[in-house]
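Chains, contacts and geometry: an overview
This is what each chain is made of:
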Amino acid sequence: MIEHLVRAYSGGSGLTLRQRAALRGASLGTLLNRVGVRLDTLGARNGPPVGFAGPITTGPDVADWSPVTGPEAESFERVMRGTQCVFAQRSVIWTVPWSGPDIEDALPAWGQKMRGFAAAARREPVDGIVLTLPREYGATVTDLASTTRRVLRGLAELDGASRCDLRSPEREGWYFTFARERMFLVTTAPCYPPDHSRHGFGEPYTYLLFQPDRAFDRAVSPSGGGLISPAVRARIRDLYENSGRPYDLSITLSPFEAHRFVKPLSLGEAPVRWWEFGPADDGQRSTR
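A few points on the structure. Just so we're clear, the structure is a prediction, and the values are computed from it rather than from any experiment.

1. Overview of helix α5 (residues 141-159)
When the terminal C-alpha atoms of α5 are compared, their 27 Å separation across 19 residues agrees well with the 27 Å that a helix rising 1.5 Å per residue should span. G160 sits one or two residues past α5 and shows a positive phi near 85°.

2. Here's the deal with the pairing of strand β4 (residues 181-188)
Judged by how many residues are buried, β4 sits mostly within the fold: seven of eight residues are covered. Where strand β3 (residues 176-178) meets β4, three bridges bridge the pair, whose relative direction is antiparallel. Bridge pairing in β4 places F176 opposite M183. Linkage of β3 to β4, two consecutive antiparallel strands, is achieved through a turn of two residues, within which A179 is found at a positive phi near 50°.

3. Side note on the packing of aromatic side chains
Summed over the entire model, instances satisfying the criterion amount to eleven aromatic pairs. Aromatic side chains F184 and F261 sit 5.6 Å apart centroid to centroid with 75° between the ring planes, which places their arrangement in the edge-to-face category. With a gap of 77 residues between them, F184 in strand β4 and F261 in the segment after α8 (249-252) connect regions that are remote in the sequence. Between F261 and W274 the ring centres are 5.8 Å apart and the planes differ by 15°, which places this aromatic pair in the stacked class. Here the residue F261 occupies a position in the segment after α8, and W274 occupies one in the segment after α8, the gap between them amounting to 13 residues. The buried category is assigned to F261, whose relative accessible area is 0%. Grouped by ring-pair contacts, the aromatic residues W174, F184, F261, W274 and W275 constitute a single cluster. The ring of Y175 has R182 lying over it, and the distance from NZ or CZ to the ring centre is 4.2 Å. Here the basic side chain of K263 rests over the ring of Y247, its NZ or CZ set 4.4 Å away from the ring centre.

4. Remarks on helix α3 (residues 71-82)
Here α3 spans 17 Å end to end across twelve residues, near enough to the 16 Å set by a 1.5 Å rise per residue. The set of residues buried in α3 consists of E72, A73, S75, F76, V79, M80 and G82.

5. Overview of unusual backbone geometry
Following G100, the chain continues to P101 via a peptide bond in cis, the omega torsion being 20°. By secondary structure assignment, the location of P101 is in the loop between β1 (93-96) and α4 (103-121). Backbone geometry places R180, a non-glycine residue, at a positive phi of 70°. For R180, the location among the structural elements is in the loop between β3 and β4.

6. What about the nonpolar core?
Ranked by size, the top nonpolar core spans 57 residues in total, and within it W110, L131, F176, F210, F261 and W274 carry the most contacts. At the level of elements, α3, β1, α4, β2 (128-134), α5, β3, β4 and β5 (205-212) are the ones that each hand at least two residues to this core. A per-element tally of this core places α4 first, with nine residues.

7. Some thoughts on the pairing of β2
β2 sits mainly inside the fold: seven of its seven residues count as buried. Inspection of the sheet shows β1 paired to β2 by four bridges, in the parallel sense. When the sheet's bridge partners are listed, V96 is paired in β2 with L131. The parallel pair β1 and β2, bridged by α4, forms a crossover whose chirality is right-handed. Where β2 meets β5, six bridges bridge the pair, whose relative direction is antiparallel. Bridge pairing in β5 links T132 to Y207.

8. A look at the packing of α4 against α5
When two helices pack together, their arrangement is given by the angle between the helix axes and the distance between those axes. Viewed as axis vectors pointing N to C, α4 and α5 meet at an angle of 55°, and their least axial separation amounts to 10 Å. In terms of axis orientation, α4 runs oblique to α5. For α4 against α5, the interelement crossing comes out right-handed. The segment α4 lies against α5, with I103, E104, L107, P108, W110, G111 and M114 engaging T147, R150, V151, G154, L155 and L158.

What counts, and at which threshold
Residues numbered from 1 in each chain as written. Predicted model: local features only at pLDDT ≥ 70, side-chain atom pairs only at ≥ 80, totals over all residues. Heavy atoms only, no water. Helix = DSSP H or I, 4+ residues; strand = E, 2+ residues; numbered from the N terminus. Expected span 1.5 Å × (residues − 1). Buried < 20%, exposed > 50% of the residue type's maximum accessible area, 1.4 Å probe, protein only. Pairing = 2+ DSSP bridges. Phe/Tyr/Trp six-rings, centres within 6.5 Å; stacked < 30°, edge-to-face > 60°. Lys NZ or Arg CZ within 6 Å of the ring centre and 35° of its normal. Core = buried A, V, L, I, M, F, W, Y, C linked by side-chain atoms within 4.5 Å. Right-handed = clockwise from strand over helix to strand, strands pointing away. Axes fitted to C-alpha atoms, helices over the stretch in contact; angles between N-to-C directions. Parallel < 35°, antiparallel > 145°, perpendicular 65-115°, else oblique. Left-handed = near helix turned anticlockwise from the far one by under 90°. Contact = heavy atoms within 4.5 Å.

Here is the structure:
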């Protein structure tokens, strides 16, 4: 990280202005994460404070992680250039590489990095953090749904949040939170064909992009009542439509946020109930 920062600030790295801004936020996130890990260690010795939800105490140090450089960051940058979202081109996105061999092995490191991101997002204009997984985790919609459930369930456990909340997200007012930040999830994977709004443009990864509410707050108009204006939403839908990747409005306009995390393969299909996919080891059984 220090090497990346020195190169970025000296102007010798060839980074874009957006990447340099992201690195500035990353340095803060890394510092805050290290402080958090140190406090977690002290808490383990002395006992947790009253009301503490539970620490993230395992996983590798993030000192050598650069969230805006590397093959995964370059790959997701190409996806953002290909999308029709009018906000993508100016978004600052952190990228987390795969650290398998499986999701449960990668989760501790993801949790630490997402905690650092959440801390930085409260202070810097960073717009999202994307977890990159091998393509097989999104080879089919079924694979992607199972992956989504495993990742969200694992993050909720690391964060101290109740798993029960993930068992019934099909209701108004439900949203995913991590490190006290409400986050929206966009999944992009090889299972989606070129005419799909979640198409991955041939990149060899499955992506889980977490966007904090703060990123959407910066996109709203002053008179929008806290929402992206209907005109901007219509423009985005038209851009996708004209590019041959139309939105399914029944999903887009669903009152349930969970319906938009994993989109069905074809227009008109029922929402993907990703929370029902995967091993039935917690008292629930998959229906697909």
